[in-house]
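A structural walkthrough
Residue strings, one per chain:
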Amino acid sequence: MRLTALLKSPLVVGILAGILGLVLGLVYAWYVDPLKVTDTTPELLRADLQEDYLRMAIDSFILDPQNTNAAIDRWMNLGPNAPVLLAKIQANPGTQDPGAILAYRTVIESVLGPIGAEPIQPVSTTSTFNVILIGAAVLAVAAVAVVGAFVFFRGILRGRAPRTGEVSAAMQAQEINRSVERTDFQALGLQTPITQTMTTYVLGDDLYDESFSIDSPAGEFLGEYGVGVSETIGVGEPKKVTAIEIWLFDKNDIKTATKVLMSPHAFNDPAIRSRLEAKGELVPIQPQGQIVLETATLQLLATVVDLEYGQGAMPVNSFFERITLELAIWPKQK
């Protein structure tokens, strides 16, 4: 396979562009415009500067002993290194009054509890941050490089560049959702639903699992609902879905309502039924059929807009080639 042909793949170009962007970003961040830390806490200062800060905090407290909040805040700003600094100052008070140091310690312990006898070892936060930053950058570059190499060599082993323009099952499903006309419930004399969604499963979409949020007109979160694969039959790829489940979660209800839509073959198979009974109510799927799920404050109406069974060596009407559902949510009438 020629390199020029491979470079025409949007996926490969995107991976190469990602690697180049990471490299240029790291060069810019480390050398052109490195990070400058300002207006941060004394926890990131050198140990000697942290000690100076604590001495000044003690002096400030003696001048204004009623302002205990400021004393506590300044102590907390030093982070885990504060006890070892205070122990060092008490051992070598210098020009400071030992009584003032003890008074400051008493205030801290009265609010935060006893200061540990074992001093906490100083931690270089800046160094740790740099190590984490560099490690994350290296891992990101390595991950992108591995993905790029996988795509590259997979194309070579297959004797062609990665396929472009191929329409996946999920893409087919999205196109169907866009083309299907939604029900005008208001024209039918019904209240307009809070939310109304089309969802489609197409044979080959082995990861079919969709969920949607339910929000009030004012933006309040009310719950969630969704649909996904519940049971497959047979072997081989793609997976052959024989049942899907619809669920409704209500934030005001402790139980999630679930119904399992089954193909005729699955519904009449005792073994399959026994495996799925624990998931929820079992319902035989029917073209244009409607299924209702209810919770404490919500009601979901699922309509089977389109249904087609797969063909092949499997039993008749045993797995789905395609299924489109319309899911609509209303507040439950009291």
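Parameters at a glance
- Residues numbered from 1 in each chain as written.
- Predicted model: local features only at pLDDT ≥ 70, side-chain atom pairs only at ≥ 80, totals over all residues.
- Heavy atoms only, no water.
- Pairing = 2+ DSSP bridges.
- Helix = DSSP H or I, 4+ residues; strand = E, 2+ residues; numbered from the N terminus.
- Axes fitted to C-alpha atoms, helices over the stretch in contact; angles between N-to-C directions.
- Patch = residues over 30% accessible without salt bridge, like charges linked within 9 Å, V, L, I, M, F, W, Y side chains within 5 Å.
- Areas by Shrake-Rupley, 256 points an atom, 1.4 Å probe, with all protein chains shown as cover.
- Salt bridge = Lys/Arg side-chain N within 4 Å of Asp/Glu carboxyl O.
- Buried < 20%, exposed > 50% of the residue type's maximum accessible area, 1.4 Å probe, protein only.
- Contact = heavy atoms within 4.5 Å.
- Arc of directions from axis to C-beta.
- Parallel < 35°, antiparallel > 145°, perpendicular 65-115°, else oblique.
- Nonpolar A, V, L, I, M, F, W, Y, C, P; charged D, E, K, R; others polar.
- Phe/Tyr/Trp six-rings, centres within 6.5 Å; stacked < 30°, edge-to-face > 60°.

**Topic: the sheet that holds strand β1 (residues 195-202)**
- Pairing in this open sheet of 4 strands is antiparallel, and the strands run β1-β9-β8-β7 from one edge to the other. Bordering the open sheet on either side are β1 and β7 (290-294), each of which pairs with just one other strand. Geometrically, the sheet is characterised by an average inter-axis angle of 20 degrees between neighbouring strands, direction not taken into account.
- Across 11 bridges, the pairing between strand β8 (residues 298-309) and strand β9 (residues 320-331) is antiparallel. Within β9, the position partnered with Y309 by the bridge is F320.

**Here's the deal with a nonpolar patch on the surface**
- Taken together, V23, V27, Y28, W30, Y31 and V32 make up a surface patch of nonpolar side chains, about 630 Å² in accessible area.
- Within the secondary structure, Y28 sits in helix α2 (residues 10-32).

**Brief notes about unusual backbone geometry**
- Residue P238 is bonded to the preceding E237 through a cis peptide linkage, with omega at -5 degrees.
- On the secondary structure map, P238 appears in the loop between β3 (221-233) and β4 (240-250).
- Even without a glycine there, the phi angle at Q288 is positive, about 65 degrees.
- Non-glycine residue N317 carries a positive phi angle of around 55 degrees.
- Its place among the elements puts N317 in the loop between β8 and β9.

**Describing the environment of D306**
- Within the fold, D306 resides in strand β8.
- For D306, a relative accessible area of 25% puts it in the partly exposed group.
- Spatially, the C-alpha atom of D306 lies 4.9 Å from that of T324, the residues being 18 residues apart in sequence.
- When neighbours within four sequence positions are excluded, D306 is seen to be in contact with R322, I323 and T324.

**Details of helix α5 (residues 82-91)**
- Within the sequence span of α5, burial applies to A82, P83, L85, L86 and I89. Projection of α5 onto a plane perpendicular to its axis shows the buried side chains occupying an angular sector of 160 degrees, all on one side.
- Summarising the contacts, the buried residues of α5 are in contact with α3 (47-63), α4 (68-77) and α6 (98-112).

**Regarding the packing of α4 against α6**
- Relative to each other, α4 and α6 sit at 85 degrees, their axes nearing to 10 Å. Considering the angle they form, α4 stands roughly perpendicular to α6. Residue-level contacts link T68, A71, I72, R74, W75 and M76 of α4 to Y104, V107, I108, V111 and L112 of α6.
- Classifying every residue of the contact of α4 with α6 by side-chain character gives 9 nonpolar, 1 polar and 1 charged.

**Things to note about the sheet that holds strand β6 (residues 281-284)**
- If you walk across this open sheet you meet the 5 strands as β2-β3-β4-β5-β6, and the pairing is mixed. Here the strands that pair on one side only, and so sit at the sheet edges, are β2 (209-215) and β6. On average, adjacent strands in this sheet sit at an angle of 20 degrees to one another, irrespective of strand direction.
- Relative to strand β5 (residues 257-262), β4 runs antiparallel, the two sharing 6 bridges.

**Overview of the packing of aromatic side chains**
- The final tally for this structure, using the stated rule, is 6 aromatic pairs.
- The interplanar angle of 55 degrees and the centroid separation of 6.5 Å between the aromatic rings of W75 and Y104 together place this pair among those described as tilted. Of this pair, W75 sits in helix α4 while Y104 sits in helix α6, and the two are 29 residues apart along the sequence.
- What makes W75 buried here is its relative accessible area of 6%.
- Among the aromatic residues, those joined into a ring-pair cluster are F61, W75 and Y104.

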